[in-house]
Each structure stands twice: as C-alpha cells, then as structure tokens.
Amino acid sequence: MYILLIIFGAILSYFFWIQCIFYRQNSAKSRKHLLRFMLCRDKQIKSSQTSDLTGDVRALFLTAHPDDECMFFAPAILRLVELNASVHLLCLSQGNYYNQGFQRREELLDSCAVLGIPASQVTIHDCKELPDDPNVEWSISMASSLILKHIRAHSINLVLTFDGRGVSGHSNHTAIYKAVSYLASIGNIPDDCSLLSLSTIGVLRKYLSFLELPISWLLPSDLCCVIGSKGYVQAKRAMLCHRTQLLWFRYLYIWFSRYMIINTFQVIDQGPKNLKIY
C-alpha cells in the first residue's frame, strides 16, 4: 500500500510538472523571450522594445512534402502566428510519389489556412530534379539556390527546417538540411537571418505525446515551442486536411507524436565548412 501511494504521488507530481511547464511556456514572459531570440541575435534591441517588433519577424519554414508542415512543425508555426510574425512556407515538392500531386497541393493550402499561413505566403515547387522520392538524392545546389532566392525575395530573417536526420530519416528531409548548411557554410545567408533545425529524437520519446515535455524542457535546445490543448486541436485539424495521407498509422501519429505538441530547435552555425555539392 505504501509503495502504491509513492507511485501515485510520483505520477501526480509528474503531471503537475507538465502543467507548470505548459503554463510557463504560454506566459507573456515566455512570448517576450521568444521574440528576443528571434529578433535580437544580431541586433542591439532592448527587451522592452520587443513587444513593438512582432511584425519584424519574417519566418520561413522549409519542408519537403505537403503534410510536413503540420506533422512536424505545427507547434512552432502556431506560436509564431500567435506572435503576429509573418510566416512563410516553402515546400520543395508537391508530393507526387503516388501521382497525387494536384490533390496534395490543395491539401497543403487547406492545412496552411488552418495553421494561419495565408495562401499568398505558401510556395510549392514542382521540379523534376527534386521529386517526392526517398530513393532519389536531391541536387543540393538546386535546392540551395531555390531556398536562397526565397529568403532574399521575402527578406526572411528566421529559417526553420529539418536537422541532419530529418525527424523520420527521409532523404528529402535531410537534403533540405544539407542545402541550408551549405548556404550557411559559404556565407550566403543574410547577416540578419537566423537558421534553426528541428531536433530529431528517439522513437520512444517521439511517441510519448505531451508526457515527453519534461524531457525536452530539461535537455538543452536553442528554442522550444509548446502548444496547449487549443493549439493541439488546431494542429490536428490541419493534419486532417491531408485526406490522401490519412492511413491508419497517421491517426496513431496524430494521437501520440510529441511533434504535434512540442518542437525543439538547434541553431545551425554559419561558418566556413567543406561540404560537397551534388
């Protein structure tokens, strides 16, 4: 009986800890910290000024396929939209692996509308050199050229994309990271633009849903975005827009993936490196 009481107390304490983290992440202080991170990395801006600079954030999410935006980046997108940032999306393929490209393009626009990204700020590329195919190595030079053109055209100052493991290991995801890293290594990214990569985590943590939050909170990251129940419902609605992708395991993903609730990012260093161009 005593052991059961200890276990019950530990479980209650863990859920209370999660509730405290949710509260802290969605507090006004946390929002101000997020703004300071986005706007002040290369600028001398006082923290008292950040509330007047939300419109200065021009964020670009780089994805490989329609549905990446809500499967992996929904928490960050929703937090940035909440802060009145100008959020753009560049998807480097229209998801035509099963010849459903036209449908998936429309689904992506519907999903973005749910997440708060206007259609005018969504760009979907359809290049033969960048097909939706895990067995094809994307041209890093072409991908980096398209990304840089978009950054310059829209004066982007915050780029968010996959890391070197691509969350799911998909080669198209990792190709985007290679392209962004290449641009960073040769100094082509504008000085006022920060680069962030979405942290890939292990399978066990990945499917703990909100129970994973304390782990993400304790482990080091450069940016952590967390959404509550209202945000989760919105992210779920966005995912349900991708009707062609709603196989049985997608529903399990919606219910159990921590990426539907939590995003952690690491800064991509901008310095000289030797990278191959394919």
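Just so it is clear, the model here is predicted, and its values are computed rather than measured. (Residues numbered from 1 in each chain as written. Predicted model: local features only at pLDDT ≥ 70, side-chain atom pairs only at ≥ 80, totals over all residues. Heavy atoms only, no water.)

Some words on the overall build of the protein chain
Across its full length, the protein chain carries 11 helices and 7 strands. Among the 278 residues that make up the protein chain, the fraction classed as buried is 52%. Taking as baseline every contact in the protein chain between residues at least 6 positions apart, the subset at least 24 positions apart corresponds to 81%. When the accessible surface of the protein chain is totalled, it reaches about 13,700 Å², and 58% of it is carbon and sulfur. (Helix = DSSP H or I, 4+ residues; strand = E, 2+ residues; numbered from the N terminus. Buried < 20%, exposed > 50% of the residue type's maximum accessible area, 1.4 Å probe, protein only. Contact = heavy atoms within 4.5 Å. Areas by Shrake-Rupley, 256 points an atom, 1.4 Å probe, with all protein chains shown as cover.)

Some points on the nonpolar core
In terms of nonpolar packing, the biggest core is built from 51 residues, with Phe 61, Phe 72, Phe 73, Leu 80, Leu 160, Met 260 and Phe 265 touching the most fellow members. Ranked by the residues each element gives to this core, the list is headed by helix H4 (residues 74-82), at 5 residues. The contacts of Met 260, once residues within four sequence positions are left out, are Cys 70, Met 71, Pro 75, Ile 227, Tyr 232, Ala 235, Lys 236, Met 239, Tyr 253 and Ile 254. Core analysis: the next-biggest nonpolar cluster, separate from the first, contains 27 residues, Leu 90, Leu 92, Val 159 and Tyr 182 among them. (Core = buried A, V, L, I, M, F, W, Y, C linked by side-chain atoms within 4.5 Å.)

Topic: the pairing of strand E2 (residues 86-91)
For E2, the tally of buried residues reaches 5 of 6 residues, placing the bulk of the element in the interior. Relative to E2, strand E1 (residues 58-63) is paired through 6 bridges, and the arrangement is parallel. Paired with Thr 63 across the bridge in E2 is Cys 91. Summarising the sheet, E2 and strand E3 (residues 122-124) pair through 3 bridges and their orientation is parallel. Its bridge partner lying in E3, Leu 90 is registered against Thr 123. The parallel pair E2 and E3 is bridged by helix H5 (residues 101-115), and the resulting crossover is right-handed. (Pairing = 2+ DSSP bridges. Right-handed = clockwise from strand over helix to strand, strands pointing away.)

Comments concerning the environment of Asp 68
Along the chain, Asp 68 falls in helix H3 (residues 68-71). Through-space distance from the C-alpha of Asp 68 to that of Cys 91 is 8.7 Å; in sequence the pair is 23 residues apart. Excluding anything up to four places from it in sequence, Asp 68 contacts Thr 63, Phe 73, Phe 162 and His 173. Polar side-chain contacts of Asp 68 include one of 2.8 Å to the backbone nitrogen of His 65. (Polar contact = N/O pair within 3.5 Å; in protein donor to acceptor, adjacent residues only side chain to side chain.)

Here we look at the packing of aromatic side chains
Any two aromatic rings considered together are summarised by their centre-to-centre distance and by the angle between their planes. Scanning the entire structure with this criterion turns up 8 aromatic pairs. Ring centres of Phe 73 and Phe 162 lie 5.2 Å apart, and the angle between their planes is 65°; this geometry places the pair in the edge-to-face category. A residue pair is termed long-range when its members are at least 10 positions apart, and Phe 73 in the loop between H3 and H4 and Phe 162 in strand E4 (residues 158-162) qualify at 89 residues. Ring geometry for Tyr 207 and Tyr 253: centres 6.2 Å apart, planes at 85°, overall edge-to-face. Within this pair, whereas Tyr 207 is found in the loop between helix H8 (203-206) and helix H9 (213-218), its partner Tyr 253 is found in helix H11 (residues 248-256), the two being separated by 46 residues in sequence. The class for Tyr 207 is partly exposed, based on a relative accessible area of 35%. These aromatic residues form a ring-pair network of at least three members: Phe 61, Phe 72, Phe 73, Phe 162, Tyr 207, Tyr 253 and Tyr 259. We note Arg 258 situated over the ring of Tyr 259; from NZ or CZ to the ring centre the distance is 4.8 Å. (Phe/Tyr/Trp six-rings, centres within 6.5 Å; stacked < 30°, edge-to-face > 60°. Lys NZ or Arg CZ within 6 Å of the ring centre and 35° of its normal.)

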